[in-house]
Amino acid sequence: MSKTNDTNMPFSSDNHQAGMSPDSGESGQKFHELIESLPMVAVQGYNKDRQVIYWNEASRRLYGYTREEAHGQLLEDLIIPDNMRDSLITAHQNWLTNNVSISAEEIELQHKHGHLVPVYSSHVMIKKNTGECEMFCIDISLEEQKKANEKLSQMANFDDLTQLPNRRMLESELSTRIAKAERGSQSDLAVVFIDLDNFKLINDTLGHHHGDELLQLVAEGLKKDIRTCDFLSRFGGDEFVLLLTDFNDFSGINELLQRLIGVLDQGFVMNSICYPVTASFGVSLFPDNGTTVTELMGNADAAMYQAKDNGRNSICFYTSDINDQLFHYQEVTTLLRNALATNGLQLYYQPQIDLKSRKVRSCEALLRCFDKNFDPISPAEFIPIAEKSGLINDIGDWVIEEACRQLRAWQGTKLETLRVDINLSGKQLAKPHLAEHILSSLQKYHLHPSQLGIELTENEVIGGDDGQIRQLEALKQAGVHISIDDFGTGYSSLVYLRKLPICSLKIDRAFLHHAMENDCDMAIMEAIITVGHRLGLAVLVEGVETLEQDRIVSERGCDLAQGFFYARPMPAADMLAFKVEV
């Protein structure tokens, strides 16, 4: 609102009931009625001594005083807070004597019950015909606007579920603390990423409603156990970020975080059941691990993922090695994405030899990936990254498609009866329509299901849920060959084995290599072969590299063998020229 000049106004201070009366007949009366009818505009009139001469109904609603209570009271005794008294009196006197008007502004005035009321206040000075001056204040309530602003601020800066500061407020707070640290007014500063372990399991088993409830309980538990100088926020999902100061050294941080680990380990009660919680903690320090918000948060996040790789429920401080690992992870992830987009992946095939006929009955399709210089990247390197990045499903779909395409290309050649076995990951098996996808791919290329085999490690199938087992049963009934790969390295539950819809076992290469030197490993390998045959399963041994190993697996009744002794993995084109020479 703008400053106003002195003017004549058709009101008088003679009327005791209203404090104002019209001086100019009907027009003054209508203006008076208009002011009285405005529900949100509080108008008060004061004489030159700042005593109330007019008080409309909106003023009563805004400040709590009735007309009778307000009439004759001093402005500064009525609605002016103590800290504004002297400045108000001075401003009023300055207006009367020097004609310096009071600026319109947003201020907080005092309610009858003591609390402050936000208003936009403007002022008009009226000179009556008698020469007397009266001041009128027009106050517009800003309470609804203030509440709306506070609500918007809450929504913008706080997480709706946990009521903790959100990512936006966290980044602002971290920026402020970095500035303090740079000025030297705050020496210690650490960023801690906290990610709950296996939280997805809670959502999947109990539902998202209980997942949200658990997040609220975790937030409350962490908030109760941090210090007043610490700043806890919800970063998103099941991730929290904690800013620490005044910790002195690594041991101080470790002590604080161990206390939080203890809080989580005690568990949280929902529906009378206590659910223990673990988390992985990643820590970055200013200025050693970064001097900006992006650097500190990124490095704390990288350290948290390293803590998960270290076995979860642990604390990991950021080091340059972690950054190197993260860079390599991102590099390989980008490489895999590009390979998928440009058909840059390739399948190599390793023959599986029938030890009685010495003929090739099947082969294993092995995924190969090459860098920008066409140098091969080890599957032991890129497969875990594909699993972690979530690319494994897209890669798995590509493998299914490519294996079927190659089988179709071999039709009409000497390899037309060859079975190709592909490897599936546990994440692929968890897809509800995997079996349907595999069978439709076979149908697309006019192949019989018996021309394709799938291999899964025992850890991926033993203990699998009913839906996964049903998918394997559907594939086996259709004619797809199902093998347990690397048998003997996981649970090796022989009792459970008889319940699985499988066709063969692949004994891990480690048993064969150790059996050459150790009678116990030899006995275990012989037992697996015997049990496999008693269950009606074919048995294949991996990793045969010498003539002596070939002799051993043949004499112990293995059905098939695979290894460098017979053939290394080769491109599809070389398979047509391959001959078994042993």
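Here the structure is a predicted model, which means the values were calculated and not measured.

## Here we look at the packing of aromatic side chains
Reasoning step 1: Within the structure shown, the criterion is met by six aromatic pairs.
Reasoning step 2: An angle of 80 degrees between the planes, with centres 6.4 Å apart, marks the rings of W55 and Y65 as edge-to-face. Within this pair, whereas W55 is found in strand 4 (residues 52-55), its partner Y65 is found in the loop between helix 2 (57-63) and helix 3 (67-70), the two being separated by 10 residues in sequence. Like W55, the residue Y65 is buried in the burial classification.
Reasoning step 3: A centroid spacing of 5.2 Å and a plane angle of 65 degrees characterise the contact between Y349 and W410, whose relative ring orientation is edge-to-face. In this pair, Y349 is assigned in strand 15 (residues 346-354) and W410 in the loop between helix 14 (392-409) and strand 18 (419-423), connecting sequence segments 61 residues apart.
Reasoning step 4: According to the relative accessible area criterion, Y349 is buried, its value standing at 1%.

## Observations concerning the sheet that holds strand 7 (residues 133-141)
Reasoning step 1: Ordered in space as 4-3-7-6-5, the five strands form an open sheet in which the pairing is antiparallel. Each of the sheet's edge strands pairs with one partner strand only, and the pair in question is strand 4 and strand 5 (105-110). The sheet shows a mean angle of 35 degrees between the axes of neighbouring strands, taken without regard to direction.
Reasoning step 2: Pairing of strand 5 with strand 6 (residues 116-127) involves six bridges; the strand directions are antiparallel. Across the sheet, E108 pairs through a bridge with P118, a residue of strand 6.
Reasoning step 3: Strand contacts of helix 5 (residues 85-98): strand 6 and strand 7, with the helix running at about 20 degrees to strand 6, the strand carrying the most contacts.

## Some remarks on the nonpolar core
Reasoning step 1: In terms of nonpolar packing, the biggest core is built from 75 residues, with Y349, W410, V420, I422, I438 and I454 touching the most fellow members.
Reasoning step 2: Broken down by element, the residue count for this core peaks at eight residues, all from helix 14.
Reasoning step 3: Once you skip the residues sitting within four places of it in the chain, V420 turns out to touch Y349, C363, A365, A403, L407, W410, Q451, L452 and G453.
Reasoning step 4: The next biggest cluster of nonpolar side chains, apart from the first, holds 34 residues, and it includes F240, I253, M270 and F281.

## A few points about empty space enclosed by the protein
Reasoning step 1: Applying the stated criterion across every chain yields a total of one cavity of 30 Å³ or more.
Reasoning step 2: Here the largest cavity defines a volume of roughly 30 Å³.
Reasoning step 3: D225, I226, R227, D230, L242, L244, L256, R259 and L260 together form the lining of the largest cavity.
Reasoning step 4: Those elements that place two or more of their residues in the lining of the largest cavity are strand 10 (239-244) and helix 10 (250-265).

## Section: the pattern of salt bridges
Reasoning step 1: In this structure the tally under the stated criterion is 28 salt bridges.
Reasoning step 2: Salt-bridge contacts for E171 lead to R167; the nearest nitrogen and oxygen are separated by 3.3 Å. Of this pair, E171 and R167 both sit in helix 7 (residues 167-183), four residues apart, which is roughly one turn of the helix.
Reasoning step 3: Owing to a relative accessible area of 44%, R167 belongs among the partly exposed residues under this scheme.
Reasoning step 4: A salt bridge links R551 to E548; the nearest nitrogen and oxygen atoms lie 2.3 Å apart. Taken together, the residues R551 and E548, both in helix 22 (residues 547-555) and three residues apart, mark about one turn of the helix.
Reasoning step 5: Counted as one network, the salt bridges with shared partners bring together E526, E548, R551, E555 and R556.

## Digging into the sheet that holds strand 8 (residues 190-196)
Reasoning step 1: Strand order across the open sheet formed by five strands is 9-10-8-13-14, with mixed pairing between neighbours. The strands lining the two open edges of the sheet, one partner per strand, are strand 9 (231-236) and strand 14 (315-317). Neighbour-to-neighbour, the strand axes of this sheet turn through a mean angle of 20 degrees, independent of strand direction.
Reasoning step 2: Relative to strand 13 (residues 279-285), helix 11 (residues 293-309) is tilted by about 145 degrees, and along the sheet it contacts strand 8, strand 9, strand 10, strand 13 and strand 14.

## Looking at the confidence of the model for the protein
Reasoning step 1: Of all residues in the protein, 90% attain a pLDDT of 70 or more, and the chain-wide mean is 86.
Reasoning step 2: Mean pLDDT values for the elements of the protein range from 38 in strand 1 (residues 11-12) up to 97 in strand 18.
Reasoning step 3: In the predicted structure, residues 1-24 sits below a pLDDT of 50 and forms 62 contacts with residues beyond four places in sequence or in another chain.

Procedures and definitions
- Residues numbered from 1 in each chain as written.
- Predicted model: local features only at pLDDT ≥ 70, side-chain atom pairs only at ≥ 80, totals over all residues.
- Heavy atoms only, no water.
- Phe/Tyr/Trp six-rings, centres within 6.5 Å; stacked < 30°, edge-to-face > 60°.
- Helix = DSSP H or I, 4+ residues; strand = E, 2+ residues; numbered from the N terminus.
- Buried < 20%, exposed > 50% of the residue type's maximum accessible area, 1.4 Å probe, protein only.
- Pairing = 2+ DSSP bridges.
- Axes fitted to C-alpha atoms, helices over the stretch in contact; angles between N-to-C directions.
- Contact = heavy atoms within 4.5 Å.
- Core = buried A, V, L, I, M, F, W, Y, C linked by side-chain atoms within 4.5 Å.
- 1 Å grid on protein atoms, 1.4 Å probe; cavity = no way out; pocket = protein on both sides within 12 Å on 5 of 7 lines; lining within 4 Å.
- Points joined across faces, edges and corners; volume = space filled by probe spheres on them.
- Salt bridge = Lys/Arg side-chain N within 4 Å of Asp/Glu carboxyl O.
- pLDDT = per-residue confidence, 0-100.

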